[in-house]
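Chain by chain, the residues run as shown.
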Amino acid sequence: MKIPAIAIHGGSGTITFDTNNSELKKRYLNALNSTLDEVYEMLSGGSSATECVSKAVSIMEDCDLFNAGKGSVFTANGNHEMDAAIMNGETLEAGAVAGLQGVKNPVLVAYDVLQNTPFVMIAGEEAIEYARHKNFKLETDSYFYTQLRYDQWQEIKGAAGMKLDHSGEGAKFGTVGAVAVDNEGNVAAATSTGGMTNKAWGRVGDSPLIGAGTYANNKTCAISCTGHGEYFIRGVVAYDVSCRMEYGGKSLKQAAYDVIYKKLKRMGGEGGLIAVDSSGNICMPFNTKGMYRGMKNEAQTIARIF
Ligand code: ASP
C-alpha cells in the first residue's frame, strides 16, 4: 500500500492583503484547510485519486473566493463561461468541458465525460445541453454574481483586451485545481476555472486542455496549473513536466522547477502549478508573488499563500 497525498491550489498572482483584510486572508486559509481535511479523509479511507480530485475541485467551485464555479469572473458579455478537466493517471482517461454557462460544478460534468462518453472534451451550447440532460445542478445568473468579480469587470469593460482575475494592486489567477495519489499509487489531476475577466469570442484557456493545464500519468506525475493560460498552452506546461521526468530522467521537483522558473519565465508567462508523483512527492512552484495552495499527507498539512 502506498501513502496517499493531496495538493490543491486556488490560483496564483500578485496577491495582496492589507492588515485590515486579515479576515479575508483567514477565509482563504480556512477554505484551503477544510478542503484538504475533507478530501484527505476520503483518500485515506480508500477512495481513488480521481474521485478525490473531483471532490476537492467541486468543493472549491462552491466557494465564492475562487475563480471557478460560483466565483467565476465575468466575460466581455457579462456572462460566466467555465472550463474544467480531469485526468486519471492510471488509465490515461480524461474528460473536459469548455464554455459552460449556468452549470454549478463544471468538474463533475468533466468527470462524467471521462466516465460515460468516448470523447475527451465537449464545449459550448451542446455541453450545457449534456449537463442538463444528465441532470447536473444548474444555477441562475444571480448564483454566479459576486460583487468583487463584477467590480473587476466594470474596471475594464469595453476595453479590447481581457484581464487576469484582477485583485488589489496586481493580477491574480483564481483557478482551482487538485492533484492526488491514492492508496494504490494511482495519480489524478483536475482543474476548473472561470478563465480571465472580460474574455471574449469563446476564449478557452489552458485549464481544460489535457497536457497544457491538466495532466496525469502514473509513470510520472499529476499536474494542475494556474496562470496566464495562453503561455501554458504554448508551453504545453503540464505535459512538459511529465516529459522531462519520463524521457529526461528528472525528479518531479527538478522538472517542475525548470518549467516554471526557467522555461515559462523566459516566455514571459506568469503562474504556477501543483504536482504529485506516485511516491507521494509534492511540489508547488510559482513565479508570481503568491499562490493559494495546500497539501496534506500522513505527516503534515500545509496551507499557504506566499
Ligand atoms: N489558467 C487560467 C486561464 O488562463 C486562469 C487562471 O489560472 O486563473 O484560463
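The structure displayed is predicted, hence computed values, not measured ones.

Visitor: Please provide a residue-by-residue account of the overall build of the chain, values included.
Guide: Within the chain, the secondary structure is distributed over nine helices and 14 strands. Scaling as 2.2 N^0.38, a compact globule of 306 residues should have a C-alpha radius of gyration of about 19 Å, and the chain matches this with 17 Å. With respect to the three principal axes, the spread of C-alpha positions in the chain is 50 × 45 × 35 Å. Burial statistics for the chain: of 306 residues in total, 60% are counted as buried. Considering only contacts within the chain whose residues lie at least 6 apart along the sequence, 69% involve residues at least 24 apart. In the form shown here, the chain has an accessible surface area of approximately 12,300 Å², with 48% of it arising from carbon and sulfur atoms.

Visitor: Outline the packing of aromatic side chains, listing residues and values.
Guide: In this structure the tally under the stated criterion is nine aromatic pairs. Considering the side-chain rings of F66 and Y292, the 6.3 Å spacing of their centres and the 75° angle between planes classify their relative orientation as edge-to-face. With F66 in the loop between α2 (49-61) and β2 (82-88) and Y292 in strand β13 (residues 290-297), this pair connects stretches of sequence that are 226 residues apart. Here F66 falls in the buried class, since its relative accessible area comes to 1%. With a centroid separation of 5.7 Å and 75° between ring planes, the pair formed by F74 and Y150 is classed as edge-to-face. Of this pair, F74 sits in the loop between α2 and β2 while Y150 sits in helix α6 (residues 147-156), placing them 76 residues apart in sequence. Among the residues examined, Y150 registers a relative accessible area of 28% and is labelled partly exposed. A cation over a ring is seen here: K70 above Y143, with NZ or CZ 4.5 Å from the ring centre.

Visitor: Any chance you could break down the packing of helix α1 (residues 22-44) against α2 for me, citing the residues and the numbers?
Guide: For the pair α1 and α2, interaxial distance at closest approach is 10 Å and the crossing angle is 155°. Taken together, α1 and α2 sit at an angle that is classed as roughly antiparallel. Crossing geometry of α1 relative to α2 is assigned as right-handed. Contacts between α1 and α2 involve L32, T35, E38, V39, M42 and L43 on the former and, on the latter, A49, E51, C52, K55, A56, I59 and M60. Taken together, the residues of the contact of α1 with α2 sort by class into nine nonpolar, one polar and three charged.

Visitor: Explain a nonpolar patch on the surface to me, using residue names and the numbers behind them.
Guide: On the surface, V120, M121 and I210 cluster together into a nonpolar patch covering about 210 Å² of accessible area. In this structure, I210 sits in the loop between β8 (187-193) and β9 (214-216).

Visitor: How would you sum up the sheet that holds strand β10 (residues 221-227)? Please name residues and give values.
Guide: An order of β9-β10-β11-β12 is seen for the four strands of this open sheet, with the pairing classed as antiparallel. Looking at strand neighbours, the two that pair on one side only are β9 and β12 (282-283), the edges of this open sheet. Alignment of β9 against β10, held across three bridges, turns out to be antiparallel. Paired with Y215 across the strands is I223, a residue of β10. Contacts between helix α8 (residues 237-246) and the sheet are confined to β9, β10 and β11 (271-277), with β10 contributing the most and set at about 145° to the helix. Relative to β11, helix α9 (residues 252-267) is tilted by about 165°, and along the sheet it contacts β10, β11 and β12.

Visitor: Explain unusual backbone geometry to me, and be specific about the residues and the numbers.
Guide: Among all residues save glycine, negative phi is the norm, and among peptide bonds the norm is trans. Of note, the phi angle at N135 is positive, near 65°, even though the residue is not glycine. As for its placement among the helices and strands, N135 is situated in the loop between α4 (124-133) and α5 (141-144). At V236, a residue that is not glycine, the phi angle is positive and equals roughly 40°. In this structure, V236 sits in the loop between α7 (229-234) and α8.

Visitor: Go over the pairing of β13 with me, naming the residues and quoting the values.
Guide: Counting buried positions over the eight residues of β13 gives eight, a clear majority of the element. Residues of β13 alternate between two faces, with G290, Y292, G294 and K296 on one and M291, R293, M295 and N297 on the opposite face, all of them buried. Sheet analysis places strand β1 (residues 5-13) next to β13, joined by seven bridges and oriented antiparallel. Bridge pairing links A7 to M295 in β13. Where β13 lies against strand β14 (residues 301-304), four bridges are found, and the strand directions are antiparallel. Residue pairing across strands places M295 opposite I302, the latter belonging to β14. In this structure, the hairpin formed by β13 and β14 is closed by a connection of three residues.

Rules behind the numbers
Numbering of residues starts from 1 in each chain and follows the order in which that chain's sequence is written. Confidence filtering applies because this is a predicted model: local features only for residues at pLDDT of at least 70, side-chain atom pairs given and counted only at 80 or more, and all residues used for totals across whole chains, interfaces and linings. Only heavy atoms go into the side-chain values, all of them from the structure, while hydrogens and water stay out. To qualify as a helix, a DSSP run of H or I must reach at least 4 residues; to qualify as a strand, a run of E must reach at least 2; elements of each kind are numbered from the N terminus. Atoms counted for the radius of gyration: C-alpha only. Globule rule: 2.2 Å times the number of residues to the power 0.38. Each residue is placed in one exposure class: buried if its accessible area under a 1.4 Å probe, protein chains only, is under 20% of its type's maximum, exposed if it is over 50%, and partly exposed if it falls in between. Here, two residues are considered to be in contact whenever any of their heavy atoms come within 4.5 Å of each other. Residue burial considers only the protein chains on display, and all accessible areas are found by Shrake-Rupley using a 1.4 Å probe. Only the six-membered ring of Trp is used, alongside the rings of Phe and Tyr, when aromatic pairs are assigned; centres must lie within 6.5 Å, and planes under 30 degrees apart are stacked while those over 60 apart are edge-to-face, with the rest tilted. In this scheme, Lys NZ or Arg CZ marks a charge over a ring once it lies within 6 Å of the ring centre and within 35 degrees of the ring normal. Only the stretch in contact is used when fitting a helix axis, every axis being a line fitted to C-alpha atoms; angles between N-to-C directions are given from 0 to 180 degrees. Under this scheme an angle from 65 to 115 degrees is roughly perpendicular, one under 35 degrees roughly parallel, and one over 145 degrees roughly antiparallel; angles in between are oblique. By convention, the crossing between two helices is left-handed when the near helix turns anticlockwise from the far helix through less than a right angle, and right-handed when the turn is clockwise. Following the grouping adopted for this structure description, the nonpolar residues are Ala, Val, Leu, Ile, Met, Phe, Trp, Tyr, Cys and Pro, the charged ones are Asp, Glu, Lys and Arg, and the polar ones are all others, Gly among them. Patch membership is restricted to residues that have no salt bridge and whose relative accessible area is over 30%. Joining uses 9 Å for like charges and 5 Å for the nonpolar side chains Val, Leu, Ile, Met, Phe, Trp and Tyr. The term salt bridge refers to a pairing of a side-chain nitrogen on Lys or Arg with a carboxyl oxygen on Asp or Glu at a separation within 4 Å. Pairing between two strands requires that DSSP report at least two bridges joining them.

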